[in-house]
Amino acid sequence: MEVPCVIVDRSAGEQTRRRLAAAGLLDRAYDIDADAASVYLPVTDATAVPDSLRVGTHAVEPRDQQTTVAQLLGYHPSFERIGEIALLHEDDPETAAAIADAIMAADLPVTAVLNRRSPIEGTHRVRRWDRLAGGSTVTTHREYGYAYTVDLATAYFSPRLATERRRVTTQISAGEHVFDMFAGVGPYAIPAADRGADVVAADINPAATALLTENAARNQVDVAVYTADVRTLTDRFTGWADRVIMNLPHTAGEFLSEALEVAADGAILHYYDFQPRSDPFAPAVETIRAALPADVTLEVLETREVRSYSPEQVNICVDVQVRS
């Protein structure tokens, strides 16, 4: 079948394939063809191909079946996807490069591959990444009917918390006052607002709150967004919140006094932490209990292991209700 193709010298075939794939122009419905001199790369839109590349037509065969990453490598590599970006956690550069090549060659809607270079760092909670294929760290992640613009270079986001976010936000009723203390790009705040809650969302990272504002508009909800250390907002919202979301494992305990200050009588706190697998919940409950004023009581509503974090630790959530 004659289809539009970019025609390049064989020596430039792989480089051009990656370039077209990163731009979303490689037509994966057809096989790539080659002869002694040239490679023929089917494209989805000939008019969008850069002028520096030659476009013609060529007879190529439709693909009979999808090509998977595992077929190309001979094993199943570990990676996750956020939108059209594939994320690796590989220490060996050669292994990472081979996996990236296979991901870009497979039938996946992926335009970039990143390899984790650092853990989450700093008050803005971002990682450093090695860009193995493609160029952009910005993508659109879709989750339970919501769309979020994410920039992995400037704001934290994890698709692995989707089920947990759904669990929390489906508890929210219209008219609730919800305070999201560490809101990121909005994956708790936006569904909460969509359910009719009045939502205050704070984050110290201006890149995150800029994306949150964009995402609220994109999903057609109203969220009061504050670029601030949440400790500077407590006077303004004392006793306001019916529900407080504290998704900042490792350091959420340092903000319990602020959470309790904004909490109304009977408020629910969703407290996240990393704890040992051997005893994941008791230390977190005791941390919350120790922060309570003498006249406030605590009821544990639910404890959950959210996900594995390391061989020794799990990410947990403790839902508690506080009453005076």
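Right above here is the structure, for reference.
Quick look at the structure, then.

Reading guide: rules and limits
Residues numbered from 1 in each chain as written. Predicted model: local features only at pLDDT ≥ 70, side-chain atom pairs only at ≥ 80, totals over all residues. Heavy atoms only, no water. Helix = DSSP H or I, 4+ residues; strand = E, 2+ residues; numbered from the N terminus. Contact = heavy atoms within 4.5 Å. Areas by Shrake-Rupley, 256 points an atom, 1.4 Å probe, with all protein chains shown as cover. Lys, Arg positive; Asp, Glu negative; His and termini not counted. Charge placed at Lys NZ, Arg CZ, Asp CG, Glu CD. Buried < 20%, exposed > 50% of the residue type's maximum accessible area, 1.4 Å probe, protein only. Pairing = 2+ DSSP bridges. Core = buried A, V, L, I, M, F, W, Y, C linked by side-chain atoms within 4.5 Å. Axes fitted to C-alpha atoms, helices over the stretch in contact; angles between N-to-C directions. Left-handed = near helix turned anticlockwise from the far one by under 90°. Nonpolar A, V, L, I, M, F, W, Y, C, P; charged D, E, K, R; others polar. Phe/Tyr/Trp six-rings, centres within 6.5 Å; stacked < 30°, edge-to-face > 60°.

## Overview of the overall build of the protein
Here is step 1: Along the backbone of the protein there are eight helices and 17 strands.
Here is step 2: When the backbone C-alpha atoms are referred to their principal axes, the protein occupies close to 85 × 40 × 30 Å.
Here is step 3: Put simply, 63% of the contacts in the protein that link residues at least 6 apart link residues at least 24 apart.
Here is step 4: Just so you have it, the protein exposes about 15,100 Å², and 47% of that area is on carbon and sulfur atoms.
Here is step 5: Here the protein contributes 29 positively and 47 negatively charged side chains, and the mean placements of these two sets differ by 1 Å.

## Details of unusual backbone geometry
Here is step 1: Of note, Arg125 is a non-glycine position whose phi angle comes to about 55 degrees, a positive value.
Here is step 2: Structurally, Arg125 can be placed in the loop between β7 (112-116) and β8 (129-133).
Here is step 3: Overall, the relative accessible area of 14% leaves Arg125 in the buried class.
Here is step 4: Phi angles above zero are rare outside glycine, and Gln220 is one such case at about 60 degrees.
Here is step 5: For Gln220, the position within the fold is in the loop between α6 (206-218) and β13 (224-227).

## Concerning helix α4 (residues 162-169)
An α-helix turns once every 3.6 residues. As a result, residues three or four positions apart point the same way.
Here is step 1: Of all eight residues making up α4, six are buried, and the element is well covered by its neighbours.
Here is step 2: Lining the buried residues of α4 we find β9 (138-143), α5 (189-194), β14 (241-246), β15 (263-276), β16 (297-308) and β17 (313-323).

## Focus on the sheet that holds strand β2 (residues 33-34)
Strands belonging to one sheet form pairs held by backbone hydrogen bonds; the direction of such a pair is parallel or antiparallel.
Here is step 1: One open sheet holds the four strands; their spatial order is β2-β3-β1-β4, and the pairing between them is antiparallel. At either end of the open sheet lies a strand with only one pairing partner, and these are β2 and β4 (55-59).
Here is step 2: Sheet topology note: the strand β1 (residues 2-9)/strand β3 (residues 38-42) ladder contains five bridges and is antiparallel. Paired with Ile7 across the bridge in β3 is Tyr40.

## Some points on the nonpolar core
Here is step 1: Counting residues in each nonpolar core, the largest one holds 36 residues, and the members touching the most others are Leu87, Leu152, Val178, Val199 and Val223.
Here is step 2: The set of elements that each furnish at least two residues to this core consists of β6 (85-88), β7, β10 (146-151), α5, β12 (198-203) and α6.
Here is step 3: With 34 residues, the next largest nonpolar core counts Ala228, Val244, Leu269 and Tyr271 among its residues.

## Some words on the packing of helix α1 (residues 13-22) against helix α3 (residues 93-105)
Here is step 1: The geometry of α1 relative to α3 is characterised by a closest axis approach of 10 Å and an angle of 65 degrees between their N-to-C directions. The two elements α1 and α3 meet at a crossing, and its hand is left-handed. Contacts between α1 and α3 involve Arg17, Arg18, Ala21 and Ala22 from the first element and Asp101, Met104 and Ala105 from the second.
Here is step 2: When its residues are assigned to classes, the contact of α1 with α3 shows four nonpolar, no polar and three charged.

## So, the packing of aromatic side chains
Here is step 1: Within the structure shown, the criterion is met by seven aromatic pairs.
Here is step 2: Between Phe179 and Phe237, the aromatic rings sit 5.7 Å apart at their centres with planes inclined by 85 degrees, giving edge-to-face as the arrangement. Here Phe179, found in strand β11 (residues 177-180), pairs with Phe237, found in the loop between β13 and β14; they are 58 residues apart in sequence, far enough to count as distant.
Here is step 3: Of the residues examined, Phe179 reaches a relative accessible area of 0% and is grouped as buried.
Here is step 4: One aromatic cluster is present, formed by Phe179, Tyr226, Phe237 and Trp240 through successive ring pairs.

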